[in-house]
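Structural overview for review
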Amino acid sequence: MHLTRRRLGPIAAALLAAPSPGRATGFPDRPIRLIVPWAAGGSTDGQMRVLAEIAGRELGQPVLVENRPGARGTFAAQVLHGQAKPDGYTIGQIHSGVLSHPS
């Protein structure tokens, strides 16, 4: 299925911006960082930027896209695993192939 802005909008709103019982009051109170393991300008990068724009609008805080291309997505996974605090302010998009790479 080809994701268009029209199709991605409701998905982004439902996944990232819908109120939920687990969402802390006042979250987010600062920008959110979205790690994307692809180079800027590609199709997945474009989809993630649309998702970030919609989520930022719904959440009331900007979602900043940070591209970390290279090593078939493992650079981004390393950033998420090693640098991100588990506070919900750093999120990422990784593909399932990263999970199957040998250690």
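For the structure itself, look to the data block above.
Cut-offs applied
Residues numbered from 1 in each chain as written. Predicted model: local features only at pLDDT ≥ 70, side-chain atom pairs only at ≥ 80, totals over all residues. Heavy atoms only, no water. Phe/Tyr/Trp six-rings, centres within 6.5 Å; stacked < 30°, edge-to-face > 60°. Lys NZ or Arg CZ within 6 Å of the ring centre and 35° of its normal. Salt bridge = Lys/Arg side-chain N within 4 Å of Asp/Glu carboxyl O. Helix = DSSP H or I, 4+ residues; strand = E, 2+ residues; numbered from the N terminus. Buried < 20%, exposed > 50% of the residue type's maximum accessible area, 1.4 Å probe, protein only.

**A short note on the packing of aromatic side chains**
- The final tally for this structure, using the stated rule, is one aromatic pair.
- Positioned above the aromatic ring of Tyr89, the side-chain terminus of Arg30 is 3.7 Å from the ring centre.

**Topic: the pattern of salt bridges**
- Under the defined criterion, the tally for this structure stands at five salt bridges.
- The partner of Asp87 in a salt bridge is Arg30, and the shortest N-O contact between them spans 2.9 Å. Of this pair, Asp87 sits in the loop between helix H3 (74–82) and strand E3 (90–92) while Arg30 is found in the loop between helix H1 (5–17) and strand E1 (32–36), placing the two residues 57 residues apart along the sequence.
- Residue Arg49 is joined to Asp45 by a salt bridge in which the shortest nitrogen-to-oxygen separation is 3.0 Å. One end of the pair, Arg49, and the other, Asp45, are both in helix H2 (residues 43–59), four residues apart, so they sit about a helical turn from each other.
- Since its relative accessible area comes to 3%, Asp45 is described here as buried.

By themselves, these are just geometric observations and shouldn't be taken as functional.
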